[in-house]
Each structure stands twice: as C-alpha cells, then as structure tokens.
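Per-entry structural report
Chain by chain, the residues run as shown.
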Amino acid sequence: MLSIKRILPFTLLVVGLIGCKKKKEDQEEFQKGPLLENVGSNIIIPSYQNLYAKLTQLESTYQAFQLDLTEPKLSDVKLAWREAYLSWQDAFTFEFGPAMNSGLRTAVGTFPSDTTKIMSNITNGGYVLGAVTNIDAVGFSSLDFLLYRENAMNDFTFNAAYRNYTLEVIQKMKSEAQATLSAWNNGYLATFKASTGTESTSAFSLLVNEFNKSYEICKNAKLGIPIGKQSLGIQRPEYLEARKSAISLELLRQSIVSLKNLFNGGSGVGFDDYLNALERQSLVTSINAQFSAIIAHIDGISGTLEQEMNGNPANLDALYTKMQGLVVSIKTDMASAFGVLITYQDNDGD
Amino acid sequence: MKAIVLPVALGAILLSSCKKDVVTPTSTTPFSFPTPTTYVFQDANGNSTVDYSGQIARINQLREMVAYMVSGRTNVINAQVLKDMYANTNDNGNGNFSFTAVGKQLKNKCFSLDQNLYELYMDSIAIASQSFAVTASNGVAGVLTSGTSTYLFNKNGLEIQEFIEKGIMGGVFMHQALNEYLGSGKQSVDNTVAVDPAAGKYYTALEHHWDEAFGYFGVDVTYPSVIPTYFWGKYCNVQDPTLGCNKKMMDNFLRGRSAIAYNVLNERTKCIEEIRNTWEDICAYQAMKYMTSAMNYFGTDNAKYLHNLSEAYGMVWALRYAPESTRNISQSEHAALMAMFGQNFWNLTINDLAAIKNAIDAKY
C-alpha cells in the first residue's frame, strides 16, 4: 500500500521530464541577471532611498514641532509620518540581506503596538528601544499611538519624556533605514545581481519568497486578522494597522500597488518577463488582472477600513477572497514555474 | 529523507525547463480504496497507526469537571479547583483529577478569545453554589428540584454548569477538531513518512492530525455500535433519527482517514466538508430540541424549564465555533441570537422562547 502511492508520482514526473527535454533546446534560457539588476537598482535601492528621505523629513518636521509645540506643527508631523509610512509599504518586501541583518521589518513595521508598554517606557525611562522586548513599542505603529492618541498634544506640551521617546523612535527608524540603504550601496547590490540560481539561498529565490511572504502579510495581517479570518469570523479591530490615524486602507492599498509594481519589474525586467519567457503569458495576464481587481476593490471603499468592518463586512470578505485567490497564482503557479521552492512557513490559520 | 528530496528536485528541473503545466498526480489519479467499518488502521506491518490518547484525556478531564460542578448542587464548590482542572495544573488538575495526563490541558486548546471567559463562569458557579441550600427564584441564586433531579442556578436562572460544559465542548472539542486538526494548516503536513516508528508512532503527521480530530468527536472505534453517555457522540446519537448523523459522521471519519492512508487527498477534503456540516447541524438541532423541551416545561416545572433553557443557551453558544467557511450563521447573526436570551431567564416569555427557536430553525 505504501509503495504504490509513492511510486506513482515519481513515474509521472520522470515521464514528464523526458517528454519536455527536447523543447528546451529551442527555448532560449531566460537570463535572471538583468531581472535582478533592474529590481535591485531601480526598485529596491530607490525604495530605501525614499524611505530614508521620508524619515529624514519626518525627523526635521518633528524637531520643528519640538521648538513650536502647536497643533498646526503637530499636523505637519502627522503628514510627514503618513508619507514615511506609505514609503515603507514600498520597502518592506525586501527582508533579506541587509534588511534581514538589521531586522528592519520587525523594527519598523511591527503592529499593533503594546500601548501600555510605550507609556510605561516613557514613565519609567531606562528602556532600550532596540531590545527584543520593545519590538512592539517602536516603529511606525508606535507613532500612530504617540501622535494620534487623545491626549497627545497635552503630553507633547508638558511631558519631556514623551517628546524624547517620540524623537528616539523616529531617529531609530531613520538610522535603520540608512544602514540598510548603505549596505545595498556598498556591496550587496553586486552580490544580489550575481546570485541568479534557484537554490534556496540565492538572491532570486529570496526575492520570490519575500514577494510571496509580503503579499501574505498584507492579506493576513493588514486585512484577514482584523476582519476575523483567524478567529472564526469574530472581528478583531484592535489588530488593525494604524487604527488611531485610520490610514489602514491606504497602507494596504499602497502595499498591493507596490507588489504589483515589483511583479512587473516597474518599467523594466520583472517576474512577468520571466514568465513570458517560459511561455506562461496567461499566468502573467491573470496575476495582473487579479492585482488590478484587488486595487479596484479597495478604491471602491469610501470610508476607513474600520468603518467598513462595521458597516459592510461582507464587502471586506469579498476583498479577502480576491486576495486569497492571488496566492495560488503567485505562490504555487509562479514559484513552481520558476523552480523556486517556497521555504517560509505561513501562519495562515484559516 | 531521500523520498522527500527527490520528487522536489525532479519537479524543480521539470518545472523550470518545461512550459507545460504539471498536474499533481494525487489530485487526478482515479483511485478506489477500501474503507474499513471500524476506526482501526494499520501500516503494512500490522502496527496500529491510530493514536488519540490526548483527546481521550481531555474528554475525561471535562467529565470530571462536570462531576465536580454537579457537586455544587449540594455543596459549596471552589472556583480555583475548576481552574486547576481546566489548566491541568501539575498535570493532574492540581490533584483534582483521578488521573495524570502530562501536558494535556483544556484551557490552552480552547479558542483563544474565550480561554478566560470560562474562568469567569467558574467564579460565578462557585458563588452560586454558596446558595445550594436556598430555593432559586427570580433574582435569587439557588437550587430547584424536579422529581429526583436537582439543579443549581444563578440569580438569573442560568445553570452555569451547562454553559461551561457546552462551551468547552464547542470551544475545545469542536473547535480543535473542525478548525485546527481538519483545518488547512494541519491538513497540509507530511503524509509520506512515519513520525517515529522507534517510539511506536507508525502514523504520518497527516494521519495523526485526522485521528486527533476523530478523538475529539469522542466515540468508540465501533460507533454507533457503542454509544457514549457524554458529549458529542451522545448528542450525535440523539439527533440521529432526524439527521442520520451517526452514519454520516462515522462514515466520513473512516473514509477520510482511509483516503489519507491511500493519499487520495481530494476525497479527504470532501469528507472534511461533510464532517463540518454535520457536526454543526448536530449542535444546532440539539439546541432546538432543548428549546422545545424548555417550552414544554414553561409554567409547569421551573427546574426543568431553566435546566433545558440553559442547555439550549450553551448549545447555541457553541455554534460560534463552527468553521467560518461552512457555518450557516454569521458571527453578527449569532451575536443577535445570543442576545435574544436576554439577561435574565426568569423574565423570558413563551413568545420569546418561540422566537429563539424559530431564529435557529431559520438557519438550519
């Protein structure tokens, strides 16, 4: 019994292998080098440059606010924070090499924050922002709390520790973005471009894996968990990204737009071209159509994500279903067409 | 190890060099396979591949918790004892279980949002039990007797024991079986190698997950030849005349397990769907049966009336744990249904009861 079920798949694969060997000769092998060159130089590095620039802008806007503690200046900080948070949606995918070494995604992008811990850090002092215990007390999400909570203006005005904590969080993110950017500019880009294999440690494999993983983070963390997809349909709004500022939907949209752009290699060579070279044009069409449908669905929502959760949860279920559908195309069909093994464990609890 | 690496390597070569879609053999192979009539499965050497001892332990834990709660009808009971049993403190419920089960607890297997909820009810039942010598009435906790049966109610007429019992049946047994062990994550694991034959684990990881789901259903391997006197196997049998669910449940557990043994996973998936739908139906129909009983006792026997209503309340609550993809009722509809029970059972009218029953009926 055991032997039969094991042999069958082997046989089919071997037959299939022999059956298509001939075609390989007429098919020009796709060069992955230019794809990595394009993605590295024209997408990844610019995304870190932009993130760093936006965080620098946030820092200077915040410092201006510190000198003039007024509501209009706080509004400027909020705007700069929003811009930087949006730029992070373009950069958060590339969690390998330099970003992985500095744990960028966790340090900058962890949500939701432990707001009790943030307040206790401020009150008690003596915190180390980079410590693992403070992962949920730093990053963009902590600023959502610090800038938007009801008593924010009062605390900024009268509590120096509150002001300092906010500045330290901003500066920590800025220096992490800078370190990542600098590592890319000083050597890693060359390593990245040259690593064209499909073994699990190759840059190409890492890129395919992180593309998928980021997409699943969008699907699960930014949407699925808050709308109850991992809790039997019971909504968990406390898990919303950027709940206080209520920009969750914008962030979700930008991250999807960004992943679609990565798939297409911006205006250069991308996964789409590789699939086309493998004569998988219909898969390219399908993936792009699904990305577009997801973005259009988001654009059709007029309020915030939380308002939609309250007013029209069925519409978000429909969005989630669309997002779920794309997983098969990019994680199963695309990854196997590339011969890349998906090595990360997803935590999809549905 | 070889058996795992090889197909992947071949597949990778194939896929990267060939433009044709590759069909996964397991999903298209027309493969008929035998299904046994009892839940007994063995490997080629005759070793049993079935083990769900952890599930049996948890079922026995809940049985002993129920027995302790029943003692609250005639004695003051201690919430901490129940909590120690629930969390299986020191592997023996802190000395309150008649047996030891290392690392097996109900609390950490309970649906995460509700783990603490049942502890709050344990506090409540302990408080109610302080009135075991008082006759219950509207606004007064105590006991009511009908014939030889005595029940303990809180001041709002709720028999808390029923809520905790049915809640854990749902939040642990049904939830773990349907959402966890039959869920996509635990159903996507290895089905090629025995986990650890040297330690007597002759089953694959996938086979074991299926067995653990079956274990939570809580029936004998020969079910329905032998009917349990407790939990889901008991209620399945009660609803069998209406739903034909004894055969449905057992056949699908057997067929799905056999499908896994023969690696015909699309058949396995069909069985999961059937089990999920049937299990949820058992829960809903049992709730309606209790509502009917409650209505029959309304105005004639307060003990039986409140007892049945409490059982219904617990069963309706347990519907919350049915898988979202197959559940007949959305969480917001379910919340509205729960709200129909109001804050105080003593104040419900016969029309209220009928409305609750009709609301369940409309969905099932």
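The rules behind these values
Residues numbered from 1 in each chain as written. Chains lettered and ligands numbered in written order. Predicted model: local features only at pLDDT ≥ 70, side-chain atom pairs only at ≥ 80, totals over all residues. Heavy atoms only, no water. Helix = DSSP H or I, 4+ residues; strand = E, 2+ residues; numbered from the N terminus. Rg over C-alpha atoms; globule rule 2.2 N^0.38 Å. Buried < 20%, exposed > 50% of the residue type's maximum accessible area, 1.4 Å probe, protein only. Contact = heavy atoms within 4.5 Å. Areas by Shrake-Rupley, 256 points an atom, 1.4 Å probe, with all protein chains shown as cover. Lys, Arg positive; Asp, Glu negative; His and termini not counted. Charge placed at Lys NZ, Arg CZ, Asp CG, Glu CD. Core = buried A, V, L, I, M, F, W, Y, C linked by side-chain atoms within 4.5 Å. Disulfide = S-S within 2.5 Å. 1 Å grid on protein atoms, 1.4 Å probe; cavity = no way out; pocket = protein on both sides within 12 Å on 5 of 7 lines; lining within 4 Å. Points joined across faces, edges and corners; volume = space filled by probe spheres on them. Nonpolar A, V, L, I, M, F, W, Y, C, P; charged D, E, K, R; others polar. Phe/Tyr/Trp six-rings, centres within 6.5 Å; stacked < 30°, edge-to-face > 60°. Lys NZ or Arg CZ within 6 Å of the ring centre and 35° of its normal. Expected span 1.5 Å × (residues − 1). Axes fitted to C-alpha atoms, helices over the stretch in contact; angles between N-to-C directions. Parallel < 35°, antiparallel > 145°, perpendicular 65-115°, else oblique. Bend = angle between axes of the 7 residues up to and from the residue. pLDDT = per-residue confidence, 0-100.

**A short note on the overall build of chain A**
- For chain A, the helix and strand inventory stands at 16 helices and zero strands.
- Taken against the 2.2 N^0.38 rule, which gives 20 Å for 350 residues, the C-alpha radius of gyration of chain A at 22 Å falls within 12% of a compact globule.
- A total of 350 residues make up chain A; the buried ones form 51% of that total.
- Within chain A, contacts between residues separated by at least 24 positions form 77% of all contacts whose residues are at least 6 apart in sequence.
- Of the roughly 14600 Å² of accessible surface on chain A, 53% is carried by carbon and sulfur atoms.
- If the 30 positive side-chain charges of chain A are averaged to one point and the 36 negative ones to another, these points end up 4 Å apart.

**Overview of the nonpolar core**
- One finds F140(A), Y215(A), I256(A), F271(A), M334(A) and F338(A) to be the most contacted residues of the largest nonpolar core, which totals 99 residues.
- F271(A) has contacts with L35(A), F204(A), L207(A), V208(A), F211(A), F263(A), M334(A) and F338(A), leaving out every residue within four places of it along the chain.

**Concerning the state of the cysteines**
- Scanning the entire structure with this criterion turns up zero disulfides over all chains.
- Cysteine C245(B) is unpaired, with the sulfur of C236(B) as its nearest cysteine sulfur at 3.7 Å.

**As for empty space enclosed by the protein**
All names here are of chain B.
- One pass over the full model with this rule turns up two cavities of 30 Å³ or more.
- Of the volumes computed, that of the second largest cavity is approximately 30 Å³.
- In this structure, the second largest cavity is lined by M69, R73, I125, L152, E159 and Q161.
- Considering only residue class, the lining of the second largest cavity consists of three nonpolar, one polar and two charged.

**Digging into the packing of aromatic side chains**
Residue and element names in this part refer to chain B.
- Evaluated as defined, the whole model comprises 53 aromatic pairs over all chains.
- Their ring planes at 20° and their centres at 6.0 Å tell us that F33 and Y262 sit as a pair that is stacked. Here Y262 lies in the loop between α9 (245–261) and α10 (265–297) and F33 lies in the loop between α2 (25–28) and α3 (53–70), a separation of 229 residues in the sequence.
- Note on F33: relative accessible area 10%, which makes it buried.
- By way of ring pairs, the aromatic residues Y39, F41, Y52, W210, F214, F217, Y223, W232, F253 and W279 are connected into one cluster.
- Sitting over the ring of F41, R257 keeps its end group 4.6 Å from the ring centre.

**Here we look at helix α12 (residues 248–263) of chain A**
- Helix length check: α12(A), at 16 residues, gives a terminal C-alpha distance of 23 Å against a target of 22 Å (1.5 Å per residue), a fit within 8%.
- Backbone geometry just after α12(A) places G265(A) at a positive phi near 65°.

**Re the packing of helix α8 (residues 231–243) of chain B against α10(B)**
All names here are of chain B.
- Their axes nearest at 9 Å, the elements α8 and α10 cross at an angle of 80°. Considering the angle they form, α8 stands roughly perpendicular to α10. Where α8 abuts α10, its residues W232, Y235, C236, V238, Q239, T242 and L243 lie against W279, D281, I282, C283, Y285, Q286, K289 and Y290.
- Partitioning the contact of α8 with α10 into residue classes produces 10 nonpolar, three polar and two charged.

**Considering helix α3 (residues 32–67) of chain A**
- Along its 36 residues, α3(A) runs 51 Å from first to last C-alpha, staying within 8% of the 52 Å computed at 1.5 Å per residue.
- The largest bend in α3(A) is about 35°, located at G40(A).

**Some details on the confidence of the model for chain B**
Residue and element names in this part refer to chain B.
- Looking at chain B as a whole, its pLDDT mean stands at 92, while 91% of the residues score no less than 70.
- Segment residues 1–29 is flagged for pLDDT under 50; beyond a separation of four residues in sequence, or across chains, it makes 41 contacts in the model.
- At the level of chain-chain contacts, confidence expressed as ipTM amounts to 0.72, with global pTM at 0.79.

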